[in-house]
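Here is how the chains run, residue by residue.
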Amino acid sequence: MDAILHTGRVAGTAAVPPSKSAAHRAVLCAALAGGTSRIENIEYSDDIRATIGAVRQLGAKVVEEERALTVTGRGGDGFATVTRPVFCNESGSTLRFLIPVFSLTAQKVRFTGAGRLFDRPQEVYRLLFTRQGLRFEQTAEGITIFGRLRPGGFTLPGDVSSQFISGLLFAAPLLESESTIEVQPPFESRSYVDLTLGAMQRYGVKVTQRARKGGVLYRIAAPQRYAPCDWTVEADYSQAAFLAVLGVLAGDIAVAGLDAASRQGDRVILDILRDFGGKFAEKDGALHFSRSLLKGGDIDLADCPDLGPVLIALGCFCSGRTTIRNAGRLRLKESDRIAAMQQELAKLGGVVLADGDTVTVDGTALHAPREPLFGHNDHRIVMALAVTLLAANLPGIIRGAGAVRKSWPAFFEVLRSLGADIECKESE
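The text that follows walks through the structure, step by step, so that each part is easy to find. Please read these numbers as outputs of a predicted model, since none were measured by experiment.

### Points about the sheet that holds strand β22 (residues 373-374)
Adjacent strands of a sheet form backbone hydrogen bonds with each other and so pair up, either parallel or antiparallel. With respect to topology, four strands assemble into an open sheet ordered β22-β23-β1-β24, the strand pairing being mixed. Both outer strands of the open sheet, β22 and β24 (422-425), are each paired with one neighbouring strand and no more. Contacts from helix α11 (residues 379-392) reach β1 (2-5), β22 and β23 (396-399) within the one sheet, and its direction differs from that of β23 by about 180°.

### Things to note about α11
The end-to-end C-alpha distance of α11, which contains 14 residues, comes to 20 Å, matching closely the 20 Å that a straight helix rising 1.5 Å per residue would cover. Here α11 starts with a cap whose side-chain oxygen sits 3.0 Å from the backbone nitrogen of arginine 380, and that cap is aspartate 378. Just past α11, the residue asparagine 393 takes up positive phi, approximately 55°.

### Focus: the pairing of strand β3 (residues 34-40)
With seven bridges connecting them, β3 and strand β5 (residues 68-74) associate as antiparallel partners. Paired with threonine 36 across the strands is threonine 72, a residue of β5.

### A word on the packing of helix α5 (residues 162-171) against helix α6 (residues 190-202)
One can describe the packing of α5 onto α6 by two numbers: an axis separation of 9 Å at closest approach and a directional angle of 20°. By the angle class used here, α5 and α6 are roughly parallel. For the crossing formed where α5 meets α6, the hand is right-handed. Here Ser162, Ile165, Ser166, Leu169 and Phe170 of α5 come into contact with α6, specifically with Tyr192, Val193, Thr196, Leu197 and Met200. Looking at the contact of α5 with α6 residue by residue, the class counts come to seven nonpolar, three polar and no charged.

### Quick word on the nonpolar core
Leu311, Ile398, Phe412 and Leu415 are the most contacted members of the largest nonpolar core, which has 75 residues in total. The contact partners of leucine 311, leaving out residues within four places of it in the chain, are Ile269, Ile272, Ile299, Leu301 and Ile324. Grouped together as the second largest cluster of nonpolar side chains are 73 residues, Phe111, Leu175, Ala199 and Val216 included.

### Description of the sheet that holds strand β21 (residues 358-362)
Here we have four strands laid out as an open sheet, ordered β18-β19-β21-β20, and mixed in their pairing. Two strands lie at the open edges of the sheet, namely β18 (298-300) and β20 (351-355), each paired on one side alone. On average, each strand axis in the sheet is tilted by 15° relative to the strand beside it, whichever way the strands run. Strand direction decides the pairing type here: strand β19 (residues 321-325) and β21, joined by four bridges, are antiparallel. From the neighbouring strand, isoleucine 324 faces β21, where its bridge partner is valine 359.

### Quick word on the packing of helix α3 (residues 92-103) against α5
A pair of packed helices is characterised by two quantities: the angle between their axes and the separation of those axes. Axis separation between α3 and α5 bottoms out at 7 Å; the angle between their running directions is 40°. Taken together, the axis directions place α3 and α5 in an arrangement best described as oblique. Pair α3 / α5 crosses with right-handed handedness. Touching Gly92, Ser93, Arg96, Phe97, Pro100 and Val101 of α3 are Gln163, Phe164, Ser166, Gly167, Leu168, Phe170 and Ala171, all from α5.

### A few points about the pairing of strand β11 (residues 179-184)
Among the six residues in β11, five count as buried, and that is most of the element. Alignment of strand β10 (residues 153-157) against β11, held across five bridges, turns out to be parallel. Bridged to glycine 153 within β11 is threonine 180. What joins β10 to β11 is α5, and the crossover it makes is right-handed. Where β11 meets strand β13 (residues 215-220), five bridges bridge the pair, whose relative direction is antiparallel. Within the sheet, the bridge partner assigned to serine 179 lies in β13 and is isoleucine 220.

### Some points on the pattern of salt bridges
What the rule picks out here adds up to 26 salt bridges. Among the ionic pairs, arginine 399 bridges to aspartate 2, the shortest N-O distance being 2.5 Å. Here arginine 399 is found in strand β23, whereas its partner aspartate 2 is found in strand β1, with 397 residues between them in sequence. Between aspartate 47 and lysine 20 there is a salt bridge whose closest N-O contact spans 3.0 Å.

### What about the state of the cysteines?
Under the counting rule described, the total for this entry stands at zero disulfides. Cysteine cysteine 29 shares no disulfide, and the gap to the nearest cysteine sulfur, in cysteine 229, comes to 8.8 Å. Residue cysteine 29 is classed as buried on the basis of its relative accessible area of 0%. Cysteine cysteine 318 is unpaired, with the sulfur of cysteine 316 as its nearest cysteine sulfur at 8.8 Å.

### Comments concerning the packing of aromatic side chains
Under the defined criterion, the tally for this structure stands at nine aromatic pairs. Between phenylalanine 97 and phenylalanine 170, the ring centres sit 5.3 Å apart and the planes meet at 65°, which makes this aromatic pair edge-to-face. Note that phenylalanine 97 is positioned in helix α3 and phenylalanine 170 in helix α5, a separation of 73 residues in sequence. Exposure remark for phenylalanine 97: the relative accessible area of 2% places this residue in the buried category. Grouped by ring-pair contacts, the aromatic residues Phe242, Trp408, Phe411 and Phe412 constitute a single cluster.

### A short note on α5
The element α5 is extensively covered by neighbouring structure, given that 10 of its 10 residues are classed as buried. Among all positions in α5, only Ser162, Gln163, Phe164, Ile165, Ser166, Gly167, Leu168, Leu169, Phe170 and Ala171 are buried.

### Considerations on the environment of threonine 358
Tracing the chain through its elements places threonine 358 in strand β21. Residue threonine 358 is classed as partly exposed on the basis of its relative accessible area, which comes to 22%. Sequence separation between threonine 358 and threonine 323 is 35 residues, and the spatial gap between their C-alpha atoms is 7.0 Å. When sequence neighbours within four positions are dropped, the list of residues in contact with threonine 358 reads Thr323, Ile324, Arg325 and Leu353.

Each value, and the rule that gives it
Residues numbered from 1 in each chain as written. Predicted model: local features only at pLDDT ≥ 70, side-chain atom pairs only at ≥ 80, totals over all residues. Heavy atoms only, no water. Pairing = 2+ DSSP bridges. Helix = DSSP H or I, 4+ residues; strand = E, 2+ residues; numbered from the N terminus. Contact = heavy atoms within 4.5 Å. Axes fitted to C-alpha atoms, helices over the stretch in contact; angles between N-to-C directions. Expected span 1.5 Å × (residues − 1). Polar contact = N/O pair within 3.5 Å; in protein donor to acceptor, adjacent residues only side chain to side chain. Parallel < 35°, antiparallel > 145°, perpendicular 65-115°, else oblique. Left-handed = near helix turned anticlockwise from the far one by under 90°. Nonpolar A, V, L, I, M, F, W, Y, C, P; charged D, E, K, R; others polar. Core = buried A, V, L, I, M, F, W, Y, C linked by side-chain atoms within 4.5 Å. Buried < 20%, exposed > 50% of the residue type's maximum accessible area, 1.4 Å probe, protein only. Right-handed = clockwise from strand over helix to strand, strands pointing away. Salt bridge = Lys/Arg side-chain N within 4 Å of Asp/Glu carboxyl O. Disulfide = S-S within 2.5 Å. Phe/Tyr/Trp six-rings, centres within 6.5 Å; stacked < 30°, edge-to-face > 60°.

Shown next, in the form of C-alpha cells:
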C-alpha cells in the first residue's frame, strides 16, 4: 500500500490503540488459565492475531468480538496435540513468549513466520535447550523444538531482548518444581519484564524477586495455576509517542485514554519531550500537546527501543544535536531501523549518523523528498516517516505503508481524523 501525504494543518483529539505489549500478555495468561477470561479493548493487529492463533493451537478456545475476546484456557496442562506449524507472522513477542510454553506440550513443534523474524537472535533459547539436552533447530524458514523444559536455575544476560525472560517466566509456574531466573547486569528493557510480572499477578501467579549483584533474581514457585481474569487493556504509550511527537512539532493535538500510572516503559516519551522543551498538559482526561521550540539532548534507549524511529525523526526538528545511546538493538527489529531512518530521512535532507550503538541527529531544515520514501516492511518506520512529513508540512509518498497493520491498522484513519490529507491506495 502507498500512503500519499499532502500538505496541511493537523489538530484535534485522538485515541491510541490498546497496548500491544499488554494484550499479548493478557491473551497468553488467559490461555494458560483454567476457566474463562474476558479481555476488553483489543485491536486485531497482525501481531495480536498471531498470538491468538498460537494459543488456539495450545487448546484454548478464543471467541472474537469487535473489540473484545473471550478466552477459555485448559489450565496449563492437557495441552492440545499440535498438528501444524505455529505461525508467528513477524511477531517476536509471539515467538519468544511461546517457545518455552509450547515445550511444555512435550511434542515436536515447528514455528514459522514472515519477514525478518528468523533473522532476529534466538541464541538464548538455543543454549538453554541444548544444555537440557532438548532439540532446538533454527533455519531461515523456522524453528523446531522437541522436549519438555525442566525446572532449575536459569541465568540470562540482561542486555538481550526481555522477551526471552518473559517467555521463561510464563512457563516456569507450570513446571514440576521451583525455578529461578537470574538476570545479569546490565538489565535492559526491564519495564517489559515488569509488565509480564504484572500480568501473571493478575492471573493469580506469584513470582518473588530481589536484587542480586547488580541484576535481579526471580524465584518462581511451582506448580502454580493461572486463574481466569477479566482485563481491560490500557492504551499504548508506544503508539501514543507518534501523536505526542507530532503534537509538540505541529501543535494542538490531544491524546486521550492514557493511564498516568502505567508501567509501560515507553511512557518515558513524556519525560523525553519535557526535557527537550515540549509543552503539554493534562485536561479533561487527555494530554494536550502544544507546538514547542525544542532543543536536542541525550536519550538512553536501553529501556525503550521501540521509541527509536520516532525519536530519530524528532531530532531533525530540534536545535543542535540529539544523541541517542544504546540504540544497537534497533538493527535487529522488523528492519535495521537505524539504517532505514538514515536512508529515508536523507531524502528529506536529514542528517543522521551512526557509530556503534550511538545515533546522532542534527537539527536541520527539511525539504520535500524528490522520490518516494520506503517503509522497509516496518510499521514503526512507516509511522515515523508519516509524522516527519506532517510535522514539516511536506508532501510525500510512503511505499509499503500497509506495514502499519502489524500494530496499528487504523493509523492513517486516525491521522485523517486530525485533518491530515492522506490518500491510501494499493501499490501499482
